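Residue-level structural notes
Here is what each chain is made of, one letter per residue.
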Amino acid sequence: MNKIKNILLLPNPERDTCFHYAKKIASMASEQNVQVFADEKIKEELNEKCVSFLPSEKLFEAEADVAIVLGGDGSMLDACEKAAPTGLPVLGVNLGHLGFLTTIEKNEIDKLEEIFLNGFETEERMMLRVSVKDGETEKNFSVLNEVAITSSVCSKIAIIELKCDNSVALSCLADGVIIATPTGSTGYSLSAGGPVIDPALEAICVTPICPHSLTTRPLVFSPEAHLTAKGKTNCIGKDGILVTPDGKDGILVSENAEITVTKSPLKTKLAKVNKYRFFDILSNKMYHK
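Residues numbered from 1 in each chain as written. Predicted model: local features only at pLDDT ≥ 70, side-chain atom pairs only at ≥ 80, totals over all residues. Heavy atoms only, no water.

**A closer look at helix α3 (residues 111–118)**
To be explicit about the condition: Each residue's exposure class comes from its accessible area (1.4 Å probe, protein chains only) as a fraction of the maximum for that residue type: buried when under 20%, exposed when over 50%, partly exposed otherwise. Secondary structure elements follow DSSP: runs of H or I of four or more residues count as helices, runs of E of two or more count as strands, with numbering from the N terminus. Arc definition: directions from the helix axis to the C-beta atoms. The contact criterion used is simple: two residues touch if any of their non-hydrogen atoms lie within 4.5 Å.
Where α3 is concerned, the buried positions are Leu112, Ile115 and Phe116. In an axial view of α3, the angular spread of the buried residues amounts to 95 degrees, which keeps them on one side of the axis. Next to the buried residues of α3 lie β1 (6–11), α1 (20–31), β4 (66–71), β5 (90–94) and β6 (104–105). Positive backbone phi, approximately 85 degrees, marks Gly119, located one or two places after α3.

**A short note on helix α2 (residues 73–83)**
Taken together, the buried positions of α2 are Ser75, Met76, Leu77, Ala79, Cys80 and Ala83. Packed against the buried residues of α2 are β1, β4, β5 and β18 (258–272).

**Re the packing of α1 against α3**
Rules: Helix axes are fitted to C-alpha atoms over the stretch in contact, other axes to C-alpha atoms as well, and angles between N-to-C directions run from 0 to 180 degrees. For a crossing to be left-handed, the near helix must be turned anticlockwise from the far one by less than a right angle; the clockwise case is right-handed. Any residue outside Ala, Val, Leu, Ile, Met, Phe, Trp, Tyr, Cys, Pro, Asp, Glu, Lys and Arg is labelled polar, Gly included; the first ten of those are nonpolar and the last four are charged.
The geometry of α1 relative to α3 is characterised by a closest axis approach of 10 Å and an angle of 35 degrees between their N-to-C directions. Taken as a pair, α1 and α3 cross one another with a handedness that is right-handed. Residues Ile25, Met28 and Ala29 of α1 lie in contact with α3, whose contacting residues are Leu112, Glu113 and Phe116. Classifying every residue of the contact of α1 with α3 by side-chain character gives 5 nonpolar, no polar and 1 charged.

**Some thoughts on the side chain of Thr102**
Inspection of the secondary structure assignment puts Thr102 in the loop between β5 and β6. Among residues more than four places away in sequence, those in contact with Thr102 are Gly71, Asp73, Met76, Gly92, Val93 and Asn94.

**Points about the pairing of strand β16 (residues 241–245)**
The test is simple: Note on pairing: two strands pair once DSSP finds at least 2 bridges between them.
Along β16, 4 of the 5 residues are buried, which leaves the element largely enclosed by surrounding structure. The pairing of β16 with strand β17 (residues 251–253) spans 3 bridges and is antiparallel. The residue of β17 that forms the bridge with Leu242 is Leu252. Where β16 folds back on β17, the antiparallel hairpin that results is connected by 5 residues, among which Asp246 adopts a positive phi of roughly 50 degrees.

**A few points about the nonpolar core**
Under the convention used in this document: Each nonpolar core is a collection of buried residues, namely Ala, Val, Leu, Ile, Met, Phe, Trp, Tyr and Cys, held together in the definition by side-chain atoms within 4.5 Å.
Of all hydrophobic cores here, the largest spans 31 residues; its most connected members are Ile7, Ile25, Ile68, Leu91, Val93, Leu112 and Phe116. Secondary-structure elements contributing two or more residues to this core are β1, α1, β2 (35–39), β3 (51–54), β4, β5 and α3. The contact partners of Leu91, leaving out residues within four places of it in the chain, are Val66, Ala67, Ile68, Val69, Met76, Thr103, Ile104, Leu112, Ile115, Ala271 and Val273. In terms of nonpolar packing, the next biggest core, distinct from the first, is built from 29 residues, Ala158, Ile251, Val253 and Ala257 among them.

Following this line, the structure appears as structure tokens:
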């Protein structure tokens, strides 16, 4: 079990609008002599004695044992991306909608007392490395959920070709494709008809988005697969495509751009509370809400 002496508290102001939950967690931490680090941008709103405030760019350099995120899956994805290079475990309190990545619901926040007392276990999740090379420009990302490669014009179809280890694995007319991890299989990929993959596995899932075909279906690749994709939008003068990592702002690239997706050397560490069972969570969130 990982013992806790210091926490990094990351509330989403749009979800925890009055910082009610952040203040409650800070108070609980203070009672257990746990030091709290938080962003100096919220110093006035979170004016608690046990909280030390840091500049935004220094947050993930804090000597914290766990980052506690108050928000939804979007907040979790952002925190996981920043925490992965340092190996900092991330624990989510769901203030959003489904919250597949979060561990605790907002009405279960008292469970954090047990974590402060007894510590926590972690689960590692596979990430993807995405490289986008367009002429002389190259951008690299690590994603926990997925990268979407889509038409740059919402009403126009895209022509996508995907290779696995230099062999053509998929060629289709579609709105785009989603390349996802097992963690991301319950997100955008699921909405597009992709399979649910146990996050304990390592694999790469490719799900076409609205393919104009009766036979184009999702594909699941080995985690060691080397995937390259090219595409263009079927629209004169607007033939570029959009590359969107983990739901963030998309990057418009030319039809000559090459997108490479491989398993990332980084992993996300998620903090677990009590007995974490993926398929119980899947059932509760997907069928019973």
